[in-house]
Amino acid sequence: MTPVVAPFPLIRLRRTRRTPALRALTRQNTLTVDDLIWPVFVMEGQDEAHAVPSMPGVERLTIDRLVDAARSAADLGIPAICIFPYIDPALKTDQCEEAWNTDNLSNRAIRAIKDAVPDIAVMTDVALDPYNAHGHDGIVRNGEIVNDETVDALVKMALEQARAGADILGPSDMMDGRIGAMRSACEADGHKDVAILSYAAKYASAFYGPFRDAVGASGALTGDKKTYQMDPGNSDEALRLIHRDLMEGADMVMVKPGLPYLDICRLTKDQFGVPTYAYQVSGEFAMVKAAAANGWIDGDAVMFESLMAFKRAGCDGILTYFAMDVARALDA
Ligand code: PBG
């Protein structure tokens, strides 16, 4: 498509910017509550909430409180919630067995939400980092994150999440071959309709810092995740990963982090035309909050502008810690 620009003054592009009505009529992209997936943190206990200092306004919730939060989200029209567990350090093992315990914290949270608020879609995190003391997304052997053994563990974990009633499995681990393995295990186990939203292009990013605080993995992480998460210098590889995951049975794909990787979102949408999501990660959220708290930016305006940027880049939805704030503002 070639943009048409007639010579001045036949065309004055300011004409369609003159009033709110004209701007509304000519706006190409919109942000609605349908675009939001709300990431939440769950912890053991009863009727408690713990603030996450590096993510102002975000709290880890006990399951009962999380169910209430899910109900509020559903009432506002948020279509999906994504659960991340804060696991008791005593349950972390080298083999990560707690990850596929039928009654682990995350699976109990899935069941509780699906019981009480059946209409909200529940998305999970499929990765082993909450379940081992190293803070790595896979099983660690002699300092190496071993791929195939990790995939076997992830399949067991994903199956338990599907059995608990998850609507969307969210593999965030970046192992090779996990989507195909999960997809065939789900088919064989009778979960033919569970969706997989693959974290297909997930970068080894410094923007995840506050999240690791929230799930209690920051102090723990030994080394970095560069042998499995992507190098920030690459974009062709992102498209190969996305193609690969789609061919293995992913229904939806994600780019992560968000704003610094909008080029990857646009390439993905243009190349594949599939449901495309971005994760506006904890560090992106924290930067907006910190600047707003200092009075350096208008936090609400930046929140909306940043989310609109994802829509403009071709995303169908955004995982964002701003989900509730946005939904409330859109509802007002
Ligand atoms: C790990 C996982 C991470 C995030 C989601 N799942 C952190 C990591 O890869 O170290 C980050 C989310 C965020 O920063 O908001 N499986």
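Parameters at a glance
Residues numbered from 1 in each chain as written. Predicted model: local features only at pLDDT ≥ 70, side-chain atom pairs only at ≥ 80, totals over all residues. Heavy atoms only, no water. Salt bridge = Lys/Arg side-chain N within 4 Å of Asp/Glu carboxyl O. Helix = DSSP H or I, 4+ residues; strand = E, 2+ residues; numbered from the N terminus. Buried < 20%, exposed > 50% of the residue type's maximum accessible area, 1.4 Å probe, protein only. Near = heavy atom within 4 Å. Polar contact = N/O pair within 3.5 Å; in protein donor to acceptor, adjacent residues only side chain to side chain. Areas by Shrake-Rupley, 256 points an atom, 1.4 Å probe, with all protein chains shown as cover. 1 Å grid on protein atoms, 1.4 Å probe; cavity = no way out; pocket = protein on both sides within 12 Å on 5 of 7 lines; lining within 4 Å. Sits in = over half its atoms within 2 Å of the grid points. Nonpolar A, V, L, I, M, F, W, Y, C, P; charged D, E, K, R; others polar. Expected span 1.5 Å × (residues − 1). Contact = heavy atoms within 4.5 Å. Patch = residues over 30% accessible without salt bridge, like charges linked within 9 Å, V, L, I, M, F, W, Y side chains within 5 Å. Points joined across faces, edges and corners; volume = space filled by probe spheres on them. Lys, Arg positive; Asp, Glu negative; His and termini not counted. Arc of directions from axis to C-beta.

1. Considering the pattern of salt bridges
Consideration 1: The tally for this structure, following the rule as stated, stands at 22 salt bridges.
Consideration 2: With a shortest N-O distance of 2.8 Å, Asp47 and Arg65 are connected by a salt bridge. Taken together, the residues span a long stretch of sequence, with Asp47 in the loop between β1 (36-43) and β2 (49-51) and Arg65 in helix α2 (residues 63-75) at a distance of 18 residues.
Consideration 3: Measuring nitrogen to oxygen at the nearest pair gives 2.5 Å for the salt bridge that ties Glu149 to Arg141.
Consideration 4: Residue class for Arg141 comes out partly exposed when judged on its relative accessible area of 34%.
Consideration 5: Salt bridges sharing common partners tie together Asp173, Asp176, Arg178, Arg244, Asp245 and Glu248.

2. Some details on the site of the ligand
Consideration 1: Of all residues adjacent to the ligand, which total 17 residues, the nearest are Arg212, Lys225, Lys256, Ser282 and Tyr321.
Consideration 2: Contact between the ligand and Asp129: a nitrogen atom at 3.0 Å from a side-chain N or O atom of the residue.
Consideration 3: One nitrogen or oxygen atom from the side chain of Lys225 is found 2.7 Å from an oxygen atom belonging to the ligand.
Consideration 4: Out of a free accessible area of 400 Å², the ligand has 100% covered by protein chains.
Consideration 5: The pocket occupied by the ligand, as judged from atoms lying within 2 Å of grid points, is the largest cavity.
Consideration 6: Tallied by class, the residues present in the shell around the ligand amount to 7 nonpolar, 3 polar and 7 charged.

3. Topic: helix α9 (residues 282-293)
Consideration 1: An ideal rise of 1.5 Å per residue puts 16 Å on 12 residues; α9 measures up with 16 Å between its terminal C-alpha atoms.
Consideration 2: Taken together, the buried positions of α9 are Ser282, Gly283, Glu284, Phe285, Ala286, Val288 and Ala291.
Consideration 3: Considering only its buried residues, α9 is in contact with α6 (209-214), β11 (276-280) and α10 (299-312).
Consideration 4: Downstream of α9 by a residue or two, Gly295 has a phi angle that is positive, lying close to 75°.

4. Remarks on a nonpolar patch on the surface
Consideration 1: On the surface, Val5, Leu10, Ile11 and Leu13 cluster together to form a nonpolar patch covering roughly 390 Å² of accessible area.
Consideration 2: Tracing the chain through its elements places Leu13 in the segment before α1 (20-26).
Consideration 3: Classification of Leu13 by relative accessible area gives exposed; the value is 51%.

5. So, empty space enclosed by the protein
Consideration 1: Applying the stated criterion across every chain yields a total of 1 cavity of 30 Å³ or more.
Consideration 2: Here the largest cavity defines a volume of roughly 120 Å³.
Consideration 3: Counting residues per element, the ones that place at least two in the lining of the largest cavity are β9 (195-202) and α6.
Consideration 4: Residue composition of the lining of the largest cavity, grouped by class: 6 nonpolar, 3 polar and 7 charged.

6. What to know about the side chain of Lys92
Consideration 1: Along the polypeptide, Lys92 turns up in the loop between β4 (80-85) and α3 (105-116).
Consideration 2: No salt bridge is formed by the buried Lys92, whose closest oppositely charged neighbour, Asp129, lies at an N-O distance of 8.2 Å.
Consideration 3: With sequence-adjacent residues up to four places away left out, Lys92 is seen in contact with Ile87, Pro130, Tyr131, Asn132, Ala133, Val215 and Gly216.

7. Let's talk about helix α8 (residues 262-272)
Consideration 1: Burial in α8 covers these residues: Leu262, Ile264, Cys265 and Thr268. Each buried residue of α8 lies within a common arc of 160° when the element is viewed along its axis, so the set occupies one face. Facing away from the buried surface of α8 by more than 90 degrees, the exposed residues are Asp270 and Gln271.
Consideration 2: Buried-residue contacts for α8 involve β9, α7 (236-247), β10 (252-256), β11 and α10.
Consideration 3: Phi for Gly273, located one or two positions after α8, is positive at around 60°.

8. Focus: the layout of surface pockets
Consideration 1: In this model, the largest pocket occupies a volume close to 350 Å³.
Consideration 2: Looking at the largest pocket, it is lined by 18 residues, and the ones nearest its centre are Trp38, Gly57, Val58, Glu59 and Met324.
Consideration 3: Elements that contribute at least two residues to the lining of the largest pocket include exactly β1, β3 (59-62), α2, α9 and α11 (323-331).
Consideration 4: Looking at the lining of the largest pocket element by element, the count peaks at 4 residues for β1.
Consideration 5: By residue class, the composition of the lining of the largest pocket is 11 nonpolar, 1 polar and 6 charged.

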